[in-house]
Amino acid sequence: MTDAQNGHERYVAARIVTISAAFGAAGALVGPAVAERLRLPFVDRAIPEVVASEIGCTLREALAHDGRAESGLGRILAGAARLPSVALNGMEVHLPNRELVPPEEFTAHTENVIRRAADGGCVVLGRAGALVLADRTDALHVRLDGARERRLVRAAAEMPPNRDASAPSGTPYREAERMLVDNDRARTAYVKHFYGADPADPRLYHLVIDTTRLPVPAAVDLVVAAAGTI
């Protein structure tokens, strides 16, 4: 962003970086690295826990509303079922049988958490951060993306080695393909449903990086450099 001063533009450093990342585009690697380089807090999975405590629902309910959780949004829009039990600090979290909070309420609380974090400076991964913080002049908005096939290859390579690959449907590639389809659909639907936008629209961002072509350190360097000159 720039400030006008005496008829000239003055560049100011970003205190906030939002990162939108397609599945397999290394968002989970780039985000924390950027935060470390800029010495800012990294805001990612902490959001569902904070929101859950504020609106009195459990972590499992929060994850069911989380647009970045696998198939999460499909469950919201279908009015649907809960995610399986999740492990939190090595302990299974189980949920009493009760209704989910309305998606709009969850989204509103998530936005409040993001805005409060932004007031102190942060790097936010996902959750439509570029749209939630679109009015912040001290924010840099970044999109990480790449060709579907290259994202799929990266995701398959990063699959845990202990998965059952005895059948074709259990190969890392097949599993990664299923996750890519589910996650791309969920993230796109989340942003379109709640914000009426396409998360892949380059007009939402100051910087778009193909992280399937550039190595992660180079992508981090680009974001950090941009954050110092927006």
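Rules of the game
Residues numbered from 1 in each chain as written. Predicted model: local features only at pLDDT ≥ 70, side-chain atom pairs only at ≥ 80, totals over all residues. Heavy atoms only, no water. Helix = DSSP H or I, 4+ residues; strand = E, 2+ residues; numbered from the N terminus. Buried < 20%, exposed > 50% of the residue type's maximum accessible area, 1.4 Å probe, protein only. Contact = heavy atoms within 4.5 Å. Areas by Shrake-Rupley, 256 points an atom, 1.4 Å probe, with all protein chains shown as cover. Arc of directions from axis to C-beta. Core = buried A, V, L, I, M, F, W, Y, C linked by side-chain atoms within 4.5 Å. Salt bridge = Lys/Arg side-chain N within 4 Å of Asp/Glu carboxyl O. Pairing = 2+ DSSP bridges. Axes fitted to C-alpha atoms, helices over the stretch in contact; angles between N-to-C directions. Expected span 1.5 Å × (residues − 1). 1 Å grid on protein atoms, 1.4 Å probe; cavity = no way out; pocket = protein on both sides within 12 Å on 5 of 7 lines; lining within 4 Å. Points joined across faces, edges and corners; volume = space filled by probe spheres on them. Nonpolar A, V, L, I, M, F, W, Y, C, P; charged D, E, K, R; others polar.

(A) Broad picture of the overall build of the protein chain. Along its length, the protein chain carries nine helices and nine strands. In the protein chain, which comprises 230 residues, the share counted as buried stands at 47%. Sequence separation of 24 or more characterises 71% of the internal contacts of the protein chain that already satisfy a separation of 6 or more. Approximately 11500 Å² of the protein chain is accessible, and the part contributed by carbon and sulfur atoms is 54%.

(B) Molecular detail of the environment of N183. Tracing the backbone through its elements, the reader meets N183 in helix α8 (residues 172-195). Linking N183 and A22, residues 161 residues apart in sequence, is a C-alpha distance of 8.2 Å.

(C) Looking closely at helix α2 (residues 46-55). Of all the positions in α2, only I47, P48, V51, A52 and I55 are classed as buried. The buried residues of α2 occupy an angular sector of 130° when projected down its axis, which confines them to one face.

(D) Structural detail: the nonpolar core. Grouped together as the largest cluster of nonpolar side chains are 25 residues, with contacts concentrated most on V17, I19, V30, L140, V142, L144 and V223. Looking at this core element by element, the count peaks at seven residues for helix α9 (residues 216-227). When sequence neighbours within four positions are dropped, the list of residues in contact with V17 reads L38, C122, V123, V124, L140, V142, V223 and A227. Membership of the second largest hydrophobic core comes to 17 residues, among which are A52, V113, V124 and V132.

(E) Expanded view of the pattern of salt bridges. What the rule picks out here adds up to 16 salt bridges. Two residues, D138 and R136, come together in a salt bridge whose shortest N-O distance is 3.1 Å. Classification of D138 as buried rests on a relative accessible area of 15%. Across the pair D182 and R178 runs a salt bridge whose closest N-O atoms are separated by 3.4 Å. Of the two residues, D182 and R178 are both situated in helix α8; the distance of four residues between them amounts to about one turn of the helix.

(F) Highlighting the sheet that holds strand β4 (residues 42-43). If you trace the five strands from one edge of the open sheet to the other, you get β4-β7-β3-β8-β9, paired in parallel fashion. Strand pairing shows two members of the sheet lacking a second neighbour, β4 and β9 (207-210), which therefore form its edges. Docked against the sheet, helix α1 (residues 27-38) engages β3 (16-21), β4, β7 (122-125) and β8 (139-145), running at close to 175° with respect to β7. The strands that α9 touches are β3, β8 and β9; relative to β9, the one it contacts most, it runs at about 170°.

(G) Spotlight on α9. Taking 1.5 Å of rise per residue, twelve residues should cover 16 Å, and α9 covers 16 Å from first to last C-alpha, within 8% of that figure. Among the residues of α9, those classed as buried are V216, A219, V220, V223, V224, A226 and A227. Along the axis of α9, the buried positions cluster into a sector of 165°, meaning they face one direction only. For α9, the elements touching its buried residues are β3, α1, β8, α7 (148-157) and β9.

(H) Summary view of the layout of surface pockets. Within this model, the second largest pocket holds a volume of roughly 340 Å³. Lining the second largest pocket are 27 residues, and of these S20, R143, R187, V191 and P199 sit closest to its centre. Going through the elements one at a time, β3, α6 (129-132), β8 and α8 are the ones with two or more residues in the lining of the second largest pocket. Its residues assigned to classes, the lining of the second largest pocket comprises 13 nonpolar, six polar and eight charged.

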